[in-house]
Amino acid sequence: MEISLPTSLPDPISSRAAAATFFSSTPPYNFALTCRAWRSVVLSSHILWSSLFFSFDLPEEEDCTKLIRAIDRHLDRAGNTPLTCYLRLSSRYTRYNGQLVRARSIVMCLRARQMVWKRVGLYVGERISSTIMLNVSDLNLLEELYVHNYVRLLEDGSKIPSLLRLKLGGCPAACTLDWLQLTPNLQELRFSDVPTQMFSPWFLIMEDEDTGILPDLRTLQIHRGQGIWDNHADPDPLSLTAGVLYRSTCHALTELQVLLDSEQCDRALLDFLQRSTPPLEILSLDVRVVNPRTYNGRREHFIADILARVRSVRELRLRWDLNVQAATIRRVFSLQQNLRSFLPALE
């Protein structure tokens, strides 16, 4: 059977605008090789080059140079069109060596285009992330961002009002809480892989410190990582969860998933709920007990008080450290005669 490819666009995509819409859902390289007419459309339509997704182990130096040239050429064809890009590099590159330098050079290709970032995810590990600095004033188009907490910010008094979804991964860093002050229109804020054995001394804030209002925030998540903590650590540190909760007020929040590291976190959450009075529908509490030998049961009363302030919750998840889980959960709910009496919307 012989098949002849048309040299012009068929009727359903007969216009240039329709062609751009059709091509934008497919990588442009194959279309550019179809025929001269299609190649002309592809190469002259910036929107077709406005997305870039790649994940790889870092190649050798010669191949890396070719790859950087290919990335630059792709981004040049995108012009000033808002850019969607997700980059994942191998986690094997953790030492400062030639491979890490080459990996950083790839990231810098993307960082040079930060003025047209729209949706960007950089899964590049803490070593490379610690060498990245973003200019806040250049991020006017940014709507969605995933980066490691070690990425630094160059502030000049401006904000990022366009940013709606933010995910920060790994151990908190000195600039982590700065994001709360720079993103007034956030709708989703997520922290992932937070090490439960590490607490940052820069979270030394007062409970009565002024808080930032995030009026549009609907989702707040803080999830623990896989690390094993030291049972001899400070039993009541001020951790990431406490820092976020003390520094934010969210009247529209409908989903809250948090890691509670200590009694300080419990108090911070209770204070947050009293201050924000959010219409929560989903609540997930991941309760961590630092040292079971000194556990005295006071946290169960905090959790009961917290549950009593979220009567609108329809879905509840409660996770406790396994070494105290069964008996503790029974005591938490024994403080209330009937669960549905204080969570009437629970499904």
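Residues numbered from 1 in each chain as written. Predicted model: local features only at pLDDT ≥ 70, side-chain atom pairs only at ≥ 80, totals over all residues. Heavy atoms only, no water.

Q: Provide a residue-level description of empty space enclosed by the protein, including the pertinent values.
A: According to the stated counting rule, one finds two cavities of 30 Å³ or more in the structure shown. Here the second largest cavity is characterised by a volume of approximately 50 Å³. Taken together, Leu75, Ala78, Gly79, Thr81, Leu83, Arg113 and Val116 form the lining of the second largest cavity. In terms of residue class, the lining of the second largest cavity is made up of four nonpolar, two polar and one charged. (1 Å grid on protein atoms, 1.4 Å probe; cavity = no way out; pocket = protein on both sides within 12 Å on 5 of 7 lines; lining within 4 Å. Points joined across faces, edges and corners; volume = space filled by probe spheres on them. Nonpolar A, V, L, I, M, F, W, Y, C, P; charged D, E, K, R; others polar.)

Q: Break down helix H4 (residues 61-78) for me, with residues and values.
A: In this model, H4 (18 residues) spans 26 Å end to end at C-alpha, consistent with the 26 Å of a helix rising 1.5 Å per residue. At the exit of H4 stands glycine 79, carrying a positive phi of roughly 60°. (Helix = DSSP H or I, 4+ residues; strand = E, 2+ residues; numbered from the N terminus. Expected span 1.5 Å × (residues − 1).)

Q: Quick one: what's the story with the environment of serine 284, residue by residue and with numbers?
A: For serine 284, the position within the fold is in strand S13 (residues 282-287). Assessed through its relative accessible area of 14%, serine 284 is described here as buried. For serine 284 and isoleucine 222, which are 62 residues apart along the polypeptide, the C-alpha to C-alpha distance reads 9.9 Å. Setting aside its immediate chain neighbours within four residues, serine 284 contacts Leu256, Gln257, Val258 and Arg317. (Buried < 20%, exposed > 50% of the residue type's maximum accessible area, 1.4 Å probe, protein only. Contact = heavy atoms within 4.5 Å.)

Q: Let's hear about the pairing of strand S3 (residues 117-123): which residues, and what values?
A: Taken together, the six bridges between strand S2 (residues 83-89) and S3 define a ladder with parallel strand orientation. In the strand pairing of S3, leucine 87 is matched with leucine 122. Pairing of S3 with strand S5 (residues 144-148) involves three bridges; the strand directions are parallel. When the sheet's bridge partners are listed, glycine 121 is paired in S5 with tyrosine 146. (Pairing = 2+ DSSP bridges.)

Q: Can you lay out the side chain of glutamine 114 for me, pointing to particular residues and giving the numbers?
A: Relative to the assigned elements, glutamine 114 resides in the loop between helix H5 (98-111) and S3. Under the relative-accessibility criterion, glutamine 114 is labelled buried at 3%. Apart from the residues within four sequence positions on either side, glutamine 114 is in contact with Leu134, Asn135, Asp138 and Leu139.

Q: Please provide a residue-by-residue account of the packing of helix H9 (residues 263-276) against helix H10 (residues 298-307), values included.
A: For the pair H9 and H10, interaxial distance at closest approach is 10 Å and the crossing angle is 15°. Between H9 and H10, the crossing angle belongs to the class labelled roughly parallel. For H9 against H10, the interelement crossing comes out left-handed. For the pair formed by H9 and H10, the contact residues are Glu263, Asp266, Arg267, Leu269, Leu270 and Leu273 on the first element and Arg298, Arg299, Phe302, Ile303, Asp305 and Ile306 on the second. Split into classes, the residues belonging to the contact of H9 with H10 amount to six nonpolar, no polar and six charged. (Axes fitted to C-alpha atoms, helices over the stretch in contact; angles between N-to-C directions. Parallel < 35°, antiparallel > 145°, perpendicular 65-115°, else oblique. Left-handed = near helix turned anticlockwise from the far one by under 90°.)

Q: Tell me what's going on with the confidence of the model for the protein, and back it up with residues and numbers.
A: Taken as a whole, the protein shows an average pLDDT of 78; of its residues, 71% reach a score of 70 or greater. Predicted confidence in the protein is weakest over helix H1 (residues 16-23), with a mean pLDDT of 54, and strongest over strand S7 (residues 165-169), with 95. With pLDDT under 50 throughout, residues 228-237 is counted as low confidence; its partners more than four residues away or in other chains account for 25 contacts. (pLDDT = per-residue confidence, 0-100.)

Q: Can you explain the nonpolar core? Please cite residues and give values.
A: As a rule of thumb, nonpolar side chains are buried together in soluble globular proteins. With 80 residues, the main nonpolar core has Leu87, Leu110, Trp117, Leu122, Leu145 and Leu269 as its most contacted residues. Not counting chain neighbours up to four residues away, the residues in contact with leucine 269 comprise Leu245, Leu256, Val258, Leu260, Leu285 and Ile306. (Core = buried A, V, L, I, M, F, W, Y, C linked by side-chain atoms within 4.5 Å.)

Q: Any details on the sheet that holds S5? Residues and values, ideally.
A: With parallel pairing, the 10 strands of this open sheet are ordered in space as S1-S2-S3-S5-S7-S8-S10-S12-S13-S14. Each edge of the open sheet carries a strand with a single partner, namely strand S1 (51-56) and strand S14 (315-320). Taking each pair of neighbouring strands and ignoring which way they run, the sheet shows an average axis angle of 10°. Summarising the sheet, S1 and S2 pair through six bridges and their orientation is parallel. Across the sheet, the residue bridging to serine 51 is threonine 84, located in S2. Against the sheet, H9 engages strand S12 (255-260) and S13, with an angle of about 160° to S12.

Q: Just give me the short version of the environment of valine 147, but keep the residues and values in it.
A: Residue placement: valine 147 occurs in strand S5. Taking the C-alpha atoms as reference, valine 147 lies 7.7 Å from serine 129; in sequence the two are 18 residues apart. Apart from residues no more than four positions distant in its own chain, valine 147 is found in contact with Leu122, Lys167, Leu168, Gly169 and Trp179.

Q: Explain the side chain of serine 276 to me, using residue names and the numbers behind them.
A: Within the fold, serine 276 resides in helix H9. One polar contact links the side chain of serine 276 to the main-chain amide nitrogen of cysteine 250, over a distance of 3.0 Å. When near neighbours in sequence (up to four residues on either side) are disregarded, serine 276 contacts Ser248, Thr249, Cys250 and His251. (Polar contact = N/O pair within 3.5 Å; in protein donor to acceptor, adjacent residues only side chain to side chain.)

Q: Quick rundown of the packing of aromatic side chains? Include the residues and the values.
A: Across all of its chains, the model carries two aromatic pairs by this definition. Ring geometry for phenylalanine 53 against tyrosine 86: centres 5.6 Å apart, planes inclined by 10°, an arrangement best described as stacked. Of this pair, phenylalanine 53 sits in strand S1 while tyrosine 86 sits in strand S2, and the two are 33 residues apart along the sequence. The partly exposed category is assigned to tyrosine 86, whose relative accessible area is 22%. Relative to tyrosine 146, the ring of tyrosine 123 lies with its centre 4.3 Å away and its plane at 25°, an arrangement referred to as stacked. Here tyrosine 123 is found in strand S3, whereas its partner tyrosine 146 is found in strand S5, with 23 residues between them in sequence. Accessibility expressed as a relative area gives 25% for tyrosine 123, which makes it partly exposed. (Phe/Tyr/Trp six-rings, centres within 6.5 Å; stacked < 30°, edge-to-face > 60°.)

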